[in-house]
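As a plain string of letters, each chain reads:
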Amino acid sequence: MALIELKNLTYHYPLTNSPALQDLDLEVQEGEFLAIVGANGAGKSTLCYTISGFIPHFFKGELAGSVSVAGIDPTKAGLGEFVQKVGLVFQNPFNQISGSKFTVYEEIAFGLENLGIDPAEMRERVDEIIRLTRIEDLKDRSPYALSGGQQQRVALASILVMRPQILVLDEPTSQLDPIGSQEVFQVIKDMALQGMTIIMAEHKVEWVAEFADRILALSAGQAIKLGTPREVLGSPELPEHGIGISRYTQVARKALQAGLWPEKRSMPVTLDECVQGFQEIIA
Amino acid sequence: MPDRLSFFIPRESRVHSLNPLTKLALAFSLIILAFFGPGLFLPVALYFFVLVPLSLLGKVGKEFLQTSFRLLLPLFAFLFVMQSLFYPGGETVIFSFWIFSATSEGVVFAFRTATRILVMVSSFLLLLLTTHPSTLMNDLSRRGVPASLSYIITSTLQIIPQMQARAVTIQDAQRSRGLDTGGNLINRIRSLLPLVGPLVFSSLVDVEERAIAIEARAFTLPVKKTSLIDIPDSRGEAVLRWVMAALSLMTIGYRIWLSLN
Ligand SMILES: Nc1ncnc2c1ncn2[C@@H]1O[C@H](COP(=O)(O)OP(=O)(O)OP(=O)(O)O)[C@@H](O)[C@H]1O
Ligand SMILES: [Mg+2]
């Protein structure tokens, strides 16, 4: 059985008539990195909340179909079981700070205090995660006195320290500057390489194309494409759904029109593929 | 001082290393004494002979005096003017000025109110200056206070400095877009108005996200929480707390007995 299984999932937020997610089927295997792309309001956050149990436990509304995440069924289990297995990080780094801690170190320990972990083990785990997320230099600073990118890495560390089986990221870099985004992406990449199961809503398609195993494209709550980055991002109908295409694809399309792209070669979605195409035509 | 986002000043002192509940009990019993205890000068005595020495012992004397004066002086001035001039039923006139006359009853009333407020505010100030917000929270929840309640208490203690920081950010943004915030008093007040909308609205929008973030960190998980920072407590302190509770009860009892006779 897959780690995440959604069958025929339809969800309405309370007091709404049109579904935020409709007839969604999705299976994610352990260790997989799935990216979710879609225009504003497509349902990316809604899907993230469903996988992390906040739908239906925090946002009520009407959930139809079946959901199974790491063996938990939200109709039988509470939010408490979800948060021990699924970690959620979202856009606004400032809002993810607990507000009761004085230093980054204590902030990261907050989740472990709530899990009732013994202080000695707590320190070990916090030290380890601080190293992994490369924030050693921040550990005695106030979590409020950090840049967005630093705050977001603290938010990531605070979730990772709880050792979730699945990491759900809802546009974790959309409010960060390029350098901050780069720092956060680096940590996510490390986690993916370590074999963590990752679900990530993200609109930076160039990045997603490079690191995701599969991409799910959403439009108005429905899945319009699910497959490898090349299958999904190379498909011509994406712009109709308001989904940006990779700038490498854009370059290659222009090049094709000008007769500068090998005709049999498919559209590239990553930098490497783009370079290969041009090498072929030059050769 | 590190970034001023909480009142807490991390220093090593006898007051810092008291159990948070002891300090909370002290704050409450001082307030009860100030409001219900006998004598006009009791609150002032509590301030000068208990609170000020404790703030010095806690190595936060400067911050304590500074903050309590800054917060309270304008309030006191206002109280004295209003109450000494307009106190209803004042008969003993001390001096007259145009159509106003200050009565000694009014002055006494203003003094009593002002000194009580002084004790109330500065008791909490002492607690906040010397207590790490999360130790307070963890200690309360360890003693069976519902986690959400202790969270509300500690995060509220932090919200004022946070709102201040946010207000500065919004104002900077508005100023950079050409809003004039300098100049005379009226201009300054007028320039505060556009601040209110974004400040309140952004705070409301954030509430939901914050709740989700805290849930994601297992905040309401029904297990016994542990604490990263060791929270000290001792027999002696427990006894002290009981003594303070008894003293508070006696003070309230005394007040009830007085009003019955
Ligand atoms: N709390 C809510 N109550 C009611 N409707 C909501 C709520 N949150 C989202 N919606 C609606 O559900 C739909 C999907 O929203 P969702 O936030 O999942 O989109 P998204 O893909 O994350 O968009 P964005 O790129 O803006 O983050 C939208 O039509 C939105 O208006
Ligand atoms: Mg979203």
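The rules we used
Residues numbered from 1 in each chain as written. Chains lettered and ligands numbered in written order. Predicted model: local features only at pLDDT ≥ 70, side-chain atom pairs only at ≥ 80, totals over all residues. Heavy atoms only, no water. Helix = DSSP H or I, 4+ residues; strand = E, 2+ residues; numbered from the N terminus. Buried < 20%, exposed > 50% of the residue type's maximum accessible area, 1.4 Å probe, protein only. Contact = heavy atoms within 4.5 Å. Axes fitted to C-alpha atoms, helices over the stretch in contact; angles between N-to-C directions. Parallel < 35°, antiparallel > 145°, perpendicular 65-115°, else oblique. Left-handed = near helix turned anticlockwise from the far one by under 90°. Nonpolar A, V, L, I, M, F, W, Y, C, P; charged D, E, K, R; others polar. Near = heavy atom within 4 Å. Polar contact = N/O pair within 3.5 Å; in protein donor to acceptor, adjacent residues only side chain to side chain. Areas by Shrake-Rupley, 256 points an atom, 1.4 Å probe, with all protein chains shown as cover.

Draft legend 1. View of the overall build of chain B. When its secondary structure is counted, chain B shows eight helices and two strands. For chain B, the succession of helices and strands along the chain, N to C, is α-α-α-β-β-α-α-α-α-α. When each of the 261 residues of chain B is scored for burial, the buried share is 39%. The contacts of chain B with a sequence gap of at least 6 include a subset with a gap of at least 24, amounting to 71%.

Draft legend 2. View of the packing of helix α3 (residues 61–86) of chain B against helix α4 (residues 104–130) of chain B. All names here are of chain B. Taken N-terminus to C-terminus, the directions of α3 and α4 make an angle of 160°; their axes are 9 Å apart at the nearest point. The orientation of α3 with respect to α4, classified from their angle, is roughly antiparallel. As for how α3 packs across α4, the hand of that crossing is right-handed. Residues that form the contact of α3 with α4 fall into these classes: 18 nonpolar, seven polar and one charged.

Draft legend 3. Layout of the site of ligand 1. All names here are of chain A. Around ligand 1, a shell composed of 14 residues is seen, among which G41, G43, K44, S45 and T46 lie nearest. Residue K44 places a side-chain N or O atom 2.7 Å away from an oxygen atom belonging to ligand 1. The side chain of T46 places a nitrogen or oxygen atom 2.4 Å from an oxygen atom of ligand 1. Expressed as a share of its isolated accessible area of 630 Å², the protein-covered part of ligand 1 is 61%. Among the residues making up the shell around ligand 1, the classes are represented as five nonpolar, seven polar and two charged.

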